[in-house]
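Below, each chain spelled out in residue letters.
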Amino acid sequence: MGGFGRNSGRDGRALLSDEEVQVAWRMQDAGHSVRYDSRIVVEHQIQASRLTPAWLLSRLYWQGVSTVRTRRQLGRKHSVWRELPRRLAVAVAFAPTGLLPRSSDRLLAFRWRLAYAAGFLRAALGDALATDG
C-alpha cells in the first residue's frame, strides 16, 4: 500500500502521528477489508516523561494536527471543514481551562479536549491560510 507517508510521524518536537491510519484508509480505498481485533495485545515501554499532564496535552494537540493532515493527504478535505465548527465550539467552551498550569492534572479531561481542538484548528485554519496566501 506504499508504506508510511513521509509527512507523518514524529519529527523533532512535533508529535505527529496517524501513519497506520493512513495505511488503513488507503487499504480500504483499494477495496481491502480493515478490521480492529481487540484480542491483539501490544506492550509498550513508556518513558516517565510521557506520564505527565504536560506531555499528554502536547500529544493531544499534535493528534489534532495529525488528524487534519491525514484527512487532507487522503483527499478527505471536506471532513475537515465539516468538523471545524464543532472543534471551534469545544475550543471556546473549554478555553478557560487553558489557564491552568500545564503540569496540573486538574480538569484534565476538559483540557485534553481543548488541546486536541487547538491542534485541529491550527492545522485546519493555519495550513489553509498558508496555502491560500
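Residues numbered from 1 in each chain as written. Predicted model: local features only at pLDDT ≥ 70, side-chain atom pairs only at ≥ 80, totals over all residues. Heavy atoms only, no water.

Undergrad: Help me out: how do you make sense of helix H2 (residues 53–73) in this one?
TA: Note on helix geometry: an α-helix contains 3.6 residues per turn, so any two residues three or four positions apart are oriented the same way. For H2, spanning 21 residues, the distance from its first C-alpha to its last is 30 Å, which sits close to the expected 30 Å at 1.5 Å a residue. With 15 of 21 residues buried, H2 lies mostly within the body of the structure. Of the residues one or two after H2, glycine 75 is the one with positive phi, at around 75°. (Helix = DSSP H or I, 4+ residues; strand = E, 2+ residues; numbered from the N terminus. Expected span 1.5 Å × (residues − 1). Buried < 20%, exposed > 50% of the residue type's maximum accessible area, 1.4 Å probe, protein only.)

Undergrad: Help me out: how do you make sense of the environment of alanine 89 in this one?
TA: Note on placement: alanine 89 falls in helix H3 (residues 77–94). A relative accessible area of 44% means that alanine 89 is categorised as partly exposed.

Undergrad: When you look at the packing of helix H1 (residues 19–29) against H2 in this model, what are you seeing that I'm missing?
TA: When two helices pack together, their arrangement is given by the angle between the helix axes and by the axis-to-axis distance. The geometry of H1 relative to H2 is characterised by a closest axis approach of 10 Å and an angle of 25° between their N-to-C directions. Considering their axes alone, H1 and H2 lie roughly parallel with respect to each other. As for the relative orientation of H1 and H2, their crossing is right-handed in sense. When H1 is examined against H2, the residues Val21, Gln22 and Trp25 are found in contact with a partner set consisting of Thr70, Arg71 and Gln73. Looking at side-chain class alone, the contact of H1 with H2 contains two nonpolar, three polar and one charged residues. (Axes fitted to C-alpha atoms, helices over the stretch in contact; angles between N-to-C directions. Parallel < 35°, antiparallel > 145°, perpendicular 65-115°, else oblique. Left-handed = near helix turned anticlockwise from the far one by under 90°. Contact = heavy atoms within 4.5 Å. Nonpolar A, V, L, I, M, F, W, Y, C, P; charged D, E, K, R; others polar.)

Undergrad: Explanation requested: H3 in the structure shown.
TA: An ideal rise of 1.5 Å per residue puts 26 Å on 18 residues; H3 measures up with 25 Å between its terminal C-alpha atoms. At leucine 84, H3 is deflected by roughly 40°, the largest bend along its length, and proline proline 85 occurs up to four residues later in sequence. Taken residue by residue, H3 has Ser79, Val80, Glu83, Leu84, Arg87, Val90, Ala91 and Phe94 as its buried positions. (Bend = angle between axes of the 7 residues up to and from the residue.)

Undergrad: Looking at this structure, I do not really get the side chain of arginine 87. What am I missing?
TA: Tracing the backbone shows arginine 87 in helix H3. Given the relative accessible area of 15%, arginine 87 is considered buried. Among the polar contacts made by the side chain of arginine 87, one reaches the side chain of glutamate 83 at a distance of 2.6 Å. Apart from the residues lying within four places of it in its own chain, the contact partners of arginine 87 are Tyr116, Ala117, Phe120 and Leu121. (Polar contact = N/O pair within 3.5 Å; in protein donor to acceptor, adjacent residues only side chain to side chain.)

Undergrad: Looking at this model, I keep getting lost on the pattern of salt bridges. Mind explaining?
TA: Should the charged atoms of two oppositely charged side chains come close, the side chains can pair. Tallied over the entire structure, the rule returns five salt bridges. Salt-bridge contacts for arginine 39 lead to aspartate 37; the nearest nitrogen and oxygen are separated by 2.8 Å. With a relative accessible area of 71%, arginine 39 lands in the exposed category. Among the residues examined, aspartate 37 registers a relative accessible area of 28% and is labelled partly exposed. One salt bridge connects arginine 86 with glutamate 83, and the closest N-O pair in it is separated by 3.4 Å. Of this pair, arginine 86 and glutamate 83 both sit in helix H3, three residues apart, which is roughly one turn of that helix. Shared partners join several salt bridges into a network, and the residues in it are Arg71, Glu83, Arg86 and Arg87. (Salt bridge = Lys/Arg side-chain N within 4 Å of Asp/Glu carboxyl O.)

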